[in-house]
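Working through the structure, step by step
Letter by letter, the chains look like this.
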Amino acid sequence: MYDPRNDDHRLRAAADGEIPMARAFDQLRREYPRRLEFSHFSLADDALDAAERRQLAILGLK
């Protein structure tokens with residue numbers, strides 16, 4: 001659903017770039033990829049037990 005390594009890569013590249021960090025960070029925020037909330041996803045995996053399903057439901061997955 002979301003891989004935080006992509007954010008890490010973009011932040012590190014911005015820190016190593018020639019643009020001042022404040023401006024680079026602002027640009028990252030403006031160009032941030034769209035992410036969906038957990039409520040937009042549903043589970044269809046029978047390999048999960050009841051406790052795992054309950055925990056994911058608490059996070060908002062359907």
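Going by the structure above, here's the rest.
Presented here is an overview of the structure given in this document. In this text the structure is predicted, and so the values were computed from the model without any measurement. (Residues numbered from 1 in each chain as written. Predicted model: local features only at pLDDT ≥ 70, side-chain atom pairs only at ≥ 80, totals over all residues. Heavy atoms only, no water.)

1. Quick word on the packing of helix α1 (residues 4-16) against helix α2 (residues 21-30)
- Their axes nearest at 9 Å, the elements α1 and α2 cross at an angle of 150°. In terms of orientation, α1 and α2 fall into the roughly antiparallel class. You can see that α1 and α2 cross each other, and the crossing is right-handed. On the side of α1, the interface is formed by R10, L11, A14 and A15, while α2 contributes M21, A24, F25 and L28.
- Considered class by class, the residues forming the contact of α1 with α2 number seven nonpolar, no polar and one charged. (Axes fitted to C-alpha atoms, helices over the stretch in contact; angles between N-to-C directions. Helix = DSSP H or I, 4+ residues; strand = E, 2+ residues; numbered from the N terminus. Parallel < 35°, antiparallel > 145°, perpendicular 65-115°, else oblique. Left-handed = near helix turned anticlockwise from the far one by under 90°. Contact = heavy atoms within 4.5 Å. Nonpolar A, V, L, I, M, F, W, Y, C, P; charged D, E, K, R; others polar.)

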